Each structure stands twice: as structure tokens, then as C-alpha cells.
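Listed here are the chains, written in short residue letters.
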Amino acid sequence: MLHTPHPPTPRPRAHSRRRLRAAALLASAVSVCLVAASAPPTPLGVGDRLFPQLGNPGYDVTAYDLSFTYSGSNSAPLKAVTTIYARTTADLDRLNLDFAHGKVDSVEVDGEPAAFATAGEDLVVTPEDELDEGERTRITVRHSSDPVYPEDRQGGWVRTADGLAMANQADVAHLVFPCNDHPSDKALFTFRVTAPDGLTAVANGLPTGVKRSGGSTTWTYRSPHPMATELAQVSIGRSAVLHRAGPHGLPVRDVVPTKHRAALEPWLEKTPGQIAWMEEKVGRYPFETYGLLMADATTGFELETQTLSLFERELFTEPAYPQWYVESIMVHELAHQWFGNSVSPGTWSDLWLNEGHATWYEALYAEETADKTVAARMKAAYGASDRWRTAGGPPAAPKPPKNGSKTGIFRSNVYDGAALVLYALRQEIGHAAFDRVERAWVARNQDGTASTADFVRLASEISGRDLGGFFQAWLYGEKTPPMPGHPDWKQTPAAKSPAKASHTAHGE
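Conventions and cut-offs
- Residues numbered from 1 in each chain as written.
- Predicted model: local features only at pLDDT ≥ 70, side-chain atom pairs only at ≥ 80, totals over all residues.
- Heavy atoms only, no water.
- Pairing = 2+ DSSP bridges.
- Helix = DSSP H or I, 4+ residues; strand = E, 2+ residues; numbered from the N terminus.
- Axes fitted to C-alpha atoms, helices over the stretch in contact; angles between N-to-C directions.
- Expected span 1.5 Å × (residues − 1).
- Buried < 20%, exposed > 50% of the residue type's maximum accessible area, 1.4 Å probe, protein only.
- Contact = heavy atoms within 4.5 Å.
- Salt bridge = Lys/Arg side-chain N within 4 Å of Asp/Glu carboxyl O.
- Parallel < 35°, antiparallel > 145°, perpendicular 65-115°, else oblique.
- Left-handed = near helix turned anticlockwise from the far one by under 90°.
- Nonpolar A, V, L, I, M, F, W, Y, C, P; charged D, E, K, R; others polar.
- Core = buried A, V, L, I, M, F, W, Y, C linked by side-chain atoms within 4.5 Å.
- 1 Å grid on protein atoms, 1.4 Å probe; cavity = no way out; pocket = protein on both sides within 12 Å on 5 of 7 lines; lining within 4 Å.
- Points joined across faces, edges and corners; volume = space filled by probe spheres on them.
- Phe/Tyr/Trp six-rings, centres within 6.5 Å; stacked < 30°, edge-to-face > 60°.
- pLDDT = per-residue confidence, 0-100.

A. Broad picture of the sheet that holds strand 7 (residues 122-126). Taken in spatial order, the 3 strands make up an open sheet running 3-7-6, and their pairing is antiparallel. A single partner strand is all that each edge strand has here, and the edge strands are strand 3 (95-98) and strand 6 (115-119). Neighbouring strand axes in the sheet, compared pairwise and without regard to direction, differ in orientation by 25° on average. Relative to strand 7, strand 6 runs antiparallel, the two sharing 5 bridges. Bridge assignment links Phe 116 to a residue of strand 7, and that residue is Val 125.

B. A look at helix 10 (residues 431-444). The first and last C-alpha atoms of helix 10 sit 20 Å apart over 14 residues, in line with the 20 Å expected at 1.5 Å per residue. Listed as buried for helix 10 are Ala 433, Phe 434, Val 437, Glu 438, Ala 440, Trp 441 and Val 442. In this structure, the buried residues of helix 10 make contact with helix 4 (271-282), strand 20 (343-345), helix 7 (351-370), helix 9 (416-429), strand 21 (448-450) and helix 11 (452-463).

C. Structural detail: the pattern of salt bridges. A full pass over the atoms with the stated rule returns 14 salt bridges. Arg 142 is the partner of Glu 108 in a salt bridge, and the nearest nitrogen-oxygen pair spans 4.0 Å. Here Arg 142 lies in strand 8 (residues 136-145) and Glu 108 lies in strand 4 (residues 104-109), a separation of 34 residues in the sequence. Glu 108 sits in the partly exposed class, given a relative accessible area of 26%. Residue Glu 327 pairs with Lys 270 through a salt bridge whose shortest N-O separation is 3.1 Å. One end of the pair, Glu 327, is in helix 6 (residues 323-336); the other, Lys 270, is in the loop between helix 3 (261-268) and helix 4, and 57 residues separate them in sequence. One connected set of salt bridges, linked through shared partners, spans Arg 244, Asp 254 and Glu 265.

D. Examining the packing of helix 10 against helix 11 more closely. With their axes 9 Å apart at the nearest point, helix 10 and helix 11 run at an angle of 135° to one another. In terms of their interaxial angle, helix 10 and helix 11 are classed as oblique. Considering only the axes of helix 10 and helix 11, their crossing is right-handed. In this structure, helix 10 uses Ala 433, Arg 436, Val 437, Glu 438, Ala 440, Trp 441 and Arg 444 to contact helix 11, whose residues at the interface are Asp 454, Phe 455, Leu 458, Ala 459, Glu 461 and Ile 462. Across the contact of helix 10 with helix 11, the residue classes break down as 8 nonpolar, no polar and 5 charged.

E. Local environment of the nonpolar core. Membership of the largest hydrophobic core comes to 73 residues, with the highest contact counts inside it found for Met 278, Phe 316, Trp 352, Tyr 361, Trp 441, Phe 455 and Phe 471. Per-element accounting of this core gives the leading share, 9 residues, to helix 9. Beyond its immediate sequence surroundings of up to four residues, Trp 441 is in contact with Phe 339, Val 343, Leu 353, Ala 450, Ser 451, Asp 454, Phe 455 and Leu 458. Within the second largest apolar cluster, 62 residues are counted, among which are Val 141, Ala 187, Trp 219 and Leu 303.

F. Region of interest: helix 6. For helix 6, built from 14 residues, the straight-helix expectation of 20 Å at 1.5 Å per residue is met to within 8% by its first-to-last C-alpha distance of 20 Å. When you tally the buried positions in helix 6, you get 12 out of 14 residues, the bulk of the element. Buried within helix 6 are the following residues: Tyr 325, Val 326, Glu 327, Ser 328, Ile 329, Met 330, Val 331, His 332, Glu 333, Leu 334, Ala 335 and His 336.

G. Layout of empty space enclosed by the protein. Considering all chains together, one arrives at 5 cavities of 30 Å³ or more under this definition. Its volume calculated, the largest cavity comes out at about 90 Å³. Lining the largest cavity are 15 residues, with Thr 160, Asp 162, Ser 235, Ser 239 and Ala 295 sitting closest to its centre. Those elements giving two or more residues to the lining of the largest cavity turn out to be strand 10 (164-167), strand 15 (234-237), strand 17 (251-257) and strand 18 (292-295). Considered class by class, the residues forming the lining of the largest cavity number 9 nonpolar, 4 polar and 2 charged. In this structure, the second largest cavity spans a volume of roughly 50 Å³.

H. Spotlight on the packing of aromatic side chains. A complete count under the given rule lists 25 aromatic pairs for this structure. Between Tyr 285 and Trp 338, the aromatic rings sit 5.5 Å apart at their centres with planes inclined by 85°, giving edge-to-face as the arrangement. In this pair, Tyr 285 sits in the loop between helix 4 and strand 18 while Trp 338 sits in the loop between helix 6 and strand 20, placing the two residues 53 residues apart along the sequence. The residues Tyr 285 and Trp 338 share a single accessibility class, namely buried.

I. Examining the confidence of the model for the chain more closely. On average, residues of the chain score 90 in pLDDT, and 89% of them reach the 70 mark or higher. For residues 1-37, every residue scores under 50 in pLDDT, and the model assigns this stretch 47 contacts once sequence neighbours within four places are set aside. Segment residues 496-507 is flagged for pLDDT under 50; beyond a separation of four residues in sequence, or across chains, it makes 42 contacts in the model.

Right, dumping it as C-alpha cells:
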């Protein structure tokens with residue numbers, strides 16, 4: 001993927017070359033075009049085991065430019081323009097974008113009108129001229145973005161008490177904007193959000209401009225690091241934006257409901273220290289900023305949207321949650337900035353690398369700051385591990401979601417069940433080698449994607465041992481292997497199952 005701070009300029013269409021080719025093969029070209037035109041549009045996908053029709057082949061997105069215009073009502077569709085800069089990886093007479101739940105007004109390819117149709121949850125675009133392999137192209141879609149969803153297809157926009165936020169994990173970014181909605185195709189993002197005066201808009205990355213005109217304000221944000229579509233974030237509301245310095249002068253920016261600012265400030269003050277703690281474990285924070293978006297909404301989850309993690313405001317104001325628990329959840333989302341965001345999964349079956357690592361550092365932080373030992377938590381997880389594998393599959397081969405519930409892949413087997421694999425690895429190769437694996441993983445794969453096989457190879461390389469058999473049993477076995485160093489650990493009968501691990505829900 002092309003890591004440049006600004007979208008590349010598409011090269012001009014080779015019209016003269018194409019006209020010569022068409023003139024030389026006129027009869028056959030006309031015949032082929034008629035056949036192509038008559039073929040119905042069909043949904044495609046990149047063949048993900050859990051989401052077969054997610055993502056699209058034939059091109060690599062290098063950048064998104066997203067423009068949203070918010071009316072002031074979070075029950076009304078937003079006007080939107082999505083511009084996609086891409087490089088083709090095959091000859092294409094059509095290209096598919098993931099997009100559903102919005103109305104498309106027009107599509108252009110490199111400034112020329114293009115035909116479009118829907119097929120399943122795909123927007124199928126037919127440009128005026130065929131795209132050749134290796135071309136850079138620009139697709140512009142003018143559309144609506146609807147924040148109101150049917151009961152059986154939730155996700156994307158989250159309606160808050162005073163506006164909107166985003167929660168696109170795992171596969172619902174394309175309910176918000178047209179995209180190649182798979183984490184294997186990361187891209188740069190620019191956001192332009194227009195809202196009535198009195199509201200504040202914030203998005204991933206850092207601000208690059210604010211323009212006020214005729215009773216509304218447009219904010220522009222950009223990130224120099226590529227991002228998966230599931231990690232996009234836009235917040236619109238009556239918000240206070242708070243700034244402080246993190247390690248090495250890192251800009252830390254938090255977005256909170258203005259009326260709750262005073263109550264939330266003590267929690268926000270903890271973030272710079274938590275970033276420093278994570279840096280001691282795995283290395284320098286990988287992005288240009290970080291902060292918490294505390295939304296006035298009940299979602300049932302927290303989410304690691306890149307550089308601006310989404311939290312329910314009530315997590316911090318509900319007295320029933322103990323302080324150590326809330327802080328460990330903060331670290332869970334922070335850890336995702338390294339594990340899942342900077343290093344993204346190659347497929348959704350690699351989800352354990354995201355959630356297992358975030359759960360691991362959540363548990364380690366609770367051990368070091370609140371005397372909640374990792375060993376005790378992992379022993380409890382070991383006791384439940386076989387049941388988790390039966391219900392949800394082994395950590396690296398999770399069962400597909402049921403009944404259209406796409407968040408159904410976020411089960412205990414990829415949280416504490418996957419952290420248990422990391423604990424077993426540390427037991428097997430020793431603390432020092434384990435720490436080297438963790439640091440090397442995030443350093444070598446920064447801003448990229450990586451797979452379970454990549455992790456197995458790295459751990460084997462650094463430990464100086466072939467760990468293929470170890471990982472095969474721990475990641476893919478129907479039953480949990482014996483724990484190295486703890487031969488006394490046993491499975492716990494269901495009637496005596498320990499309390500579920502401390503998560504609020506998927507996406508942490």
C-alpha cells in the first residue's frame with residue numbers, strides 16, 4: 001500500500017490508445033461489450049472464511065476522502081461524498097464497493113459519469129472506460145448516510161444523546177460509506193464534517209482546518225497512518241475537546257459531553273501514564289495522537305477506533321464499576337492501538353491476535369496496579385477454555401457468526417481464551433523471549449497487516465525453536481492442551497464455572 005500523506009493523482013486515461021485498440025478489434029469489442037453489459041451485477045468478496053462477501057478483489061485502496069454534512073438531527077440521513085483513490089490489481093470493466101443502507105445519487109470514475117447498480121450489499125460501478133491493471137483511479141460517490149437502522153442490521157453510526165459517533169466493527173463501515181470493507185485493505189483517511197454551529201465534530205487523526213460559513217462549521221481531519229475501515233471514527237455533538245501532553249510530547253485529545261466534563265476529567269488524566277506503561281512493554285506508541293471519545297450512548301461495548309477509542313460515558317460515571325476494572329478496560333482499548341490497529345489482522349480468523357493481546361495487557365496492567373494476578377485470571381480461563389472452544393471454536397478458528405449477528409465472533413474464546421494462549425507461550429519460551437516477540441511483532445508489522453502464520457514464524461524465530469506443534473494445539477485444538485508449568489490446572493465443570501472475564505462486549 002502506498003503510504004503517502006496525500007492521495008495520489010490519478011494518471012490520465014489512455015483514451016487514444018484505447019480508441020486504436022477498439023478500432024483494430026471493433027467487431028469483437030462490440031460483441032464483448034454487449035455480453036458484459038448484459039451480465040447482471042453480482043456481489044463479490046475477498047473470500048474471508050467468516051465474512052465471504054466482505055471486501056472486493058481487483059484493486060487496492062490507497063486513500064479515502066469522506067465528507068459528511070449533518071443537519072442537526074441524528075435521525076435524518078447525512079449528505080455525503082466519498083472519494084476513493086485506488087490502484088487496480090487486475091483489468092476491470094466493473095468494480096465492486098461494499099455499500100448498503102444509503103441512497104446513491106451519482107458515481108464518477110476519474111471525473112467521468114459511471115453507471116452503477118446494487119447487488120446484495122455491494123455497489124457495482126461500471127466506468128465509461130475499462131480500467132487496466134496497475135492504473136491509479138479515483139471513484140467519487142455522492143450518497144446519503146443513514147444513522148437509523150433496522151433491528152436486524154445494527155451498526156455503523158451510533159446515535160448519542162446529542163449527536164452521532166461511529167462503531168464499524170466488524171463489517172458495518174459500509175453501512176456508513178462506500179468502501180473496501182475488509183481490514184486487509186488499509187488506507188489513508190481524510191474526513192470533512194460539516195455541522196450546525198454549536199456542535200463539534202472530531203474524527204480520527206489530527207485537525208488540518210476549520211471553516212465557518214452561514215451558520216455551520218466544517219472540520220477537516222487527516223491521519224498519516226493507514227487505517228482499516230472498521231476503525232474509522234466521526235463524533236458529532238455538544239462536546240468539549242480536551243488537550244494534554246503524553247509521552248514524548250504526544251498530543252492527547254479527549255472528546256467528552258460538555259456537561260459531564262468535570263466528572264470525567266479525573267479518568268482522562270490517567271491516559272498519559274497508561275501510554276507510558278504500554279510503551280515500556282512493547283515500544284513507542286504507533287500513531288500521531290490518542291484520546292478517549294466518551295459518548296452519551298448505551299452500546300454494550302467499548303471500541304478501539306484508531307487514535308480515538310470509543311467508550312460509553314456511563315462506564316466512568318456508574319459507581320458499581322470498581323476503579324481498577326475501569327482502568328484495565330482503558331488499557332485494553334489503548335493496547336489495541338498497537339495490536340489490531342497498527343498491526344491489523346489479515347483475515348477475521350486472526351481476530352485472536354487483536355483481542356488476545358488487548359486482554360493480555362489489560363490483565364497485566366491490573367496485576368501491576370491493582371494486585372489482580374494474571375496467573376489467577378488465566379487459571380480461571382483455563383478452567384473454562386474447553387467450553388469456550390466448544391461454543392465458539394478454537395481461538396484461531398472461530399465459528400462463523402449465527403443468524404446474521406456479525407458481532408457474534410466476539411466471544412470469550414478470542415478474549416481470555418486467546419490471552420490464555422499468550423500466557424502458555426510465555427510459560428513455554430520464558431518471559432524474556434516472550435517480551436522480545438511482542439516488541440518485534442509490533443515493530444516489524446507497523447502500519448500493516450499480519451496473520452496467525454506470521455506470528456507463529458516470528459515466535460519460532462525469536463525463541464530459536466520450532467513452535468508449530470505448540471501453536472497448532474493451542475490455537476486450533478478442540479481441547480485445551482496442558483498448561484506448561486501448571487500440570488495441576490484442570491477444566492472446571494460447568495456448574496462451577498468462574499465468572500465471565502471482565503469485558504463489556506465485543507470490540508474492546
